[in-house]
Amino acid sequence: MKNSHLWRKTKSALASAASFVCALLVIAPLALVFLHLLRSGASAVNWSFFTELPKPVGVAGGGMVNAIAGSFELLGLAALVGVPVGVFGGVYLAEYGTVRGNWLLRFVADVLNGVPSIIWGVVVYGLVVLRFKSFSAYAGGLALGFIMIPLIMRTTEEVLLLVPAGYREASLALGISRWKTIVHIVMKTAIKGIVTAILLALARVAGETAPLLFTAFGNRFWNHDLSEPIAALPLQIFSYAISPYDDWHRQAWAGALVLVVMIFFVNILVRFLTRERVARVL
Amino acid sequence: MPIAVAPERPAVRSTIDRMAPPSGLGDKVFKWFTLAMALAVVALVFLVGWQLARGSSLAIHRFGFHFLATSTWDPVAEQFGALPFIYGTAVSSLIALIIAVPLSIATAVYLTELAPLWIRQPIVSLIEMLAAIPSVILGLWGIFVMIPWLRDHPFPFLKKIFGWTPFFSGPIYGVSMLAGGIIIAVMILPIITSVSREILRSVPNLQREAAYALGATRWEVTRIAVLSYAKKGLFGAVILGLGRALGETMAVTMVIGNTPQIRASLFAPGYTLASVIANEFTEATTDVYLQALFEIGLVLFGITILANLLAQLLLKTMGSTIKSGAVQ
Amino acid sequence: MESAAIIDPPMITPVSSPQQQVASGSEPTAAAPERPPAFEVERLSIFYGEKKAIENVTLTIPSKMITAIIGPSGCGKSTLLRSLNRMHELVPQTRIEGKVVFAGEDIYAPHIDPVVVRRRIGMVFQKSNPFPTMSIAENVLVGLKLNGVRDRAFLRERLEQSLRMAALWDEVKNDLHKPGISLSGGQQQRLCIARAIAVEPEVLLMDEPASALDPIATAKIEELIHELSSNYTVVIVTHNMQQAGRCSDYTAFLYLGRLIEFAATTKIFTNPSERQTEDYITGRFG
């Protein structure tokens, strides 16, 4: 009796230890990737990386300033598509609709979230690139914007539902119409959460490469026309990574480090924002 | 400020008259506008299906069912069979699940049931950070760090032990189906872990308390009360991970070798549906070639939609059983 | 504009300082009120889905007096109160039968816009709920501003008047730009009252306005309610019988969705006609 108890205790301890090891294995890739990013990327990140255009093959140095700018332009275009649709779709789910209908809409949004990002590239290629016979920043932005829609929609809905019903009631009881209540009271109260949702979606698509391969296409020069191909940081990292030149590999690591630092920065910023929001609403 | 003295008669307009007369129009417009935005998700699903079907109609017509069943991929001769890509997608995803599922679920169990409280949040945050790493950067790391290491250490070791099976025989290049599976596993670890963790957290405490009351140890509580209760939801998490694995593109493309062939050996290079689109789309010079790639996109869309439908159904119905369980 | 014309515009309410108002507070009498009634509730029934929350209630609520609705929890007193400005409709699948006549018109008539009803019939809730993103001043004026009032001088005037009437002006006049939620619980509730009266409704509905407050804050709110009754019709729901006895002129006792008794408060508490009322106020149940 005592022995079997001891054995059960031991088994429990073993299971704890084994699952702890699994947790370590799950986070190991993060540590390894980050380590190599710092080791191989930090030395290549310098002033000219942020100020210069890519140099031709064989010429050392150069930078990715056009790709960094291009990424921001693409994110801006994506936000134009993803933010209004996502945010107001989320408003519908949180404030209007029937139980059944909203269940279905959520379901579709979640399924849409699982569509591989490369598919969005193919679709936008057919939709925009083929039609206008040119790769363009618009096409890239649209592809990223499509990806943002279900992400923003679901998070917006969640943060709006966190707003206590009492605020809606108080506003309606003042004879304020429903839509003004939603816009000026509910959305304003949840503004930090909505911004969080948008930032998270932007951080998520900032690293997307597959949907840009045949929409934005990439560009080794400055782009001054959004209907022309445009450079993007992840695209540049990809093309340098699979190139045969050591100098380009170094640049790829540098680009990767810059991209990851930006994405992590947004994620940490978001964590900071949400902590305050929870303290404020609850 | 002097307080208003009651006037003889209402000389000024009353407050309510100063207000804009209410109009139902704003409410109607706003409601329909938000509804239209919400319906965008439905429209997008149809848009994707329609665009892919339209883009591949010629290829579907020309190759018919053979497209899925033949394995010749020769753009020059305009022979297109998707079987090597379907095989590559299936095998690399399977490898990824074999690696990722036990690790993720064990981690989720650790985080919800077994770990000391102070360590939980830091680990969760680290896993979220792993999820935030773009695929292309993982691929970069795969090419320059993981592949050389796999080639020099674990692969020869595997070959020495299991070399007698067809799966671990043949020359070792580094880039391979196995490497592709491993990098996909890294990509889907965070999602399976975090969804499983949500599932386990939603198991009502009543379940646990009942088992504890019978004198069960921590692990027994987890096994008897929690895991058996959450089975369906965990399965949903795994299928969700599968959906992601099937569509994973950049990292796989960078390490799998991109060779359209069907080989038993996991050391041999392979190709996936997503990779072939990524690599060849801009090179497709003929209409048929482009159409064939569109059709590959359609196949990929079809299977990922199926996986995601199944996953969401499992997860959402799991939610409802938990709710009714909590009421009892 | 049919809906805007539902009720003829009210006379501007003369606003006097709290000190002046104390004297004018009318003593409750058992006699029927002389003024025309504020509400005439006729055979009102309310359903939530299949559940009947209010059953066949007929009730005349006098104007410029305080009417309390009491009863055990779950008796439907909140629902009855909310039906007076159509707030109960926010719960999906509600259905009503009967009429609520306010100033001569049924507020449930098809051409009536609930938004107009709510502008004229204000409400204060159990849990104080100043808007967390707004300052004290913005909270008071939100009902005016979002309803299209732009006149700055008028807004400034309403801000001070409303805060004075809510007995909050002296405490906050130097902090008008601080967040509304920085106030104490009792102050927040008075801020909510100021917010409700800023739009100059004719009626204030109060849903257990002091139940979350400490005794001192409660006393202040009760005093305030008493003062407000010289300008407003006040209908207050309370689970606290002492409160009903202290600060109301008339009392309605509700039990299981039915109106058991409605009379002057003094009568209800000293000489109720119904056995159930007596049982309740003497604490035998509920």
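These notes cover the structure that comes with them. (Residues numbered from 1 in each chain as written. Chains lettered and ligands numbered in written order. Predicted model: local features only at pLDDT ≥ 70, side-chain atom pairs only at ≥ 80, totals over all residues. Heavy atoms only, no water.)

## Focus: the side chain of C:S63
Turning to step 1, where the next piece is worked out: Mapped onto the elements of the fold, C:S63 is located in the loop between β2 (51-61) and β3 (66-70).
Turning to step 2, where the next piece is worked out: Filtering out sequence-adjacent residues up to four positions away, C:S63 remains in contact with C:R35, C:P36, C:P37, C:A38 and C:T233. (Helix = DSSP H or I, 4+ residues; strand = E, 2+ residues; numbered from the N terminus. Contact = heavy atoms within 4.5 Å.)

## Things to note about the packing of helix α5 (residues 152-165) of chain C against helix α7 (residues 185-198) of chain C
Residues and elements named next belong to chain C.
Turning to step 1, where the next piece is worked out: Where α5 contacts α7, the axes come no closer than 8 Å and their chain directions differ by 130 degrees. When the axis of α5 is compared with that of α7, the two are oblique. Handedness of the crossing formed by α5 with α7: right-handed. Residues R158, S162, L163 and M165 of α5 pack against L191, A194, I197 and A198 of α7. (Axes fitted to C-alpha atoms, helices over the stretch in contact; angles between N-to-C directions. Parallel < 35°, antiparallel > 145°, perpendicular 65-115°, else oblique. Left-handed = near helix turned anticlockwise from the far one by under 90°.)

## Examining the interface of chain A and chain B
Turning to step 1, where the next piece is worked out: Listed by partner, the interface residues are 79 residues for chain A and 75 residues for chain B.
Turning to step 2, where the next piece is worked out: On the surface where chain A and chain B come into contact, there are three salt bridges.
Turning to step 3, where the next piece is worked out: A salt bridge links B:E128 to A:R271, with the shortest nitrogen-to-oxygen separation between them at 2.5 Å.
Turning to step 4, where the next piece is worked out: Here chain A and chain B share ten residue pairs in polar contact (both at pLDDT 80 or more) between them.
Turning to step 5, where the next piece is worked out: Sorting the residues of the side of chain A that touches chain B by element identifies α1 (2-41), α3 (65-95), α4 (99-113), α5 (117-132), α6 (137-161), α8 (178-189), α10 (233-241) and α11 (246-281) of chain A as the ones contributing at least two each.
Turning to step 6, where the next piece is worked out: It is α1(A) that contributes the most residues to the side of chain A that touches chain B, 19 residues altogether.
Turning to step 7, where the next piece is worked out: Tallied by class, residues from the side of chain A that touches chain B come to 57 nonpolar, 13 polar and nine charged. (Salt bridge = Lys/Arg side-chain N within 4 Å of Asp/Glu carboxyl O. Polar contact = N/O pair within 3.5 Å; in protein donor to acceptor, adjacent residues only side chain to side chain. Nonpolar A, V, L, I, M, F, W, Y, C, P; charged D, E, K, R; others polar.)

## Concerning the sheet that holds strand β9 (residues 250-255) of chain C
All names here are of chain C.
Turning to step 1, where the next piece is worked out: Spatial ordering of the open sheet is given by β6-β7-β8-β3-β9-β10, a layout of six strands whose pairing is mixed. The outermost strands of the open sheet, each flanked by one partner alone, are β6 (121-124) and β10 (258-264). On average, each strand axis in the sheet is inclined to that of its neighbour by 15 degrees, with strand direction left out of account.
Turning to step 2, where the next piece is worked out: In the sheet, β6 pairs with strand β7 (residues 203-207) via four bridges, with the strands oriented parallel. Within the sheet, the bridge partner assigned to I121 lies in β7 and is V203.
Turning to step 3, where the next piece is worked out: Against the sheet, helix α8 (residues 215-228) makes contact with β3, β7 and β8 (233-237), and its axis sits at roughly 155 degrees relative to β7, the strand it touches most. (Pairing = 2+ DSSP bridges.)

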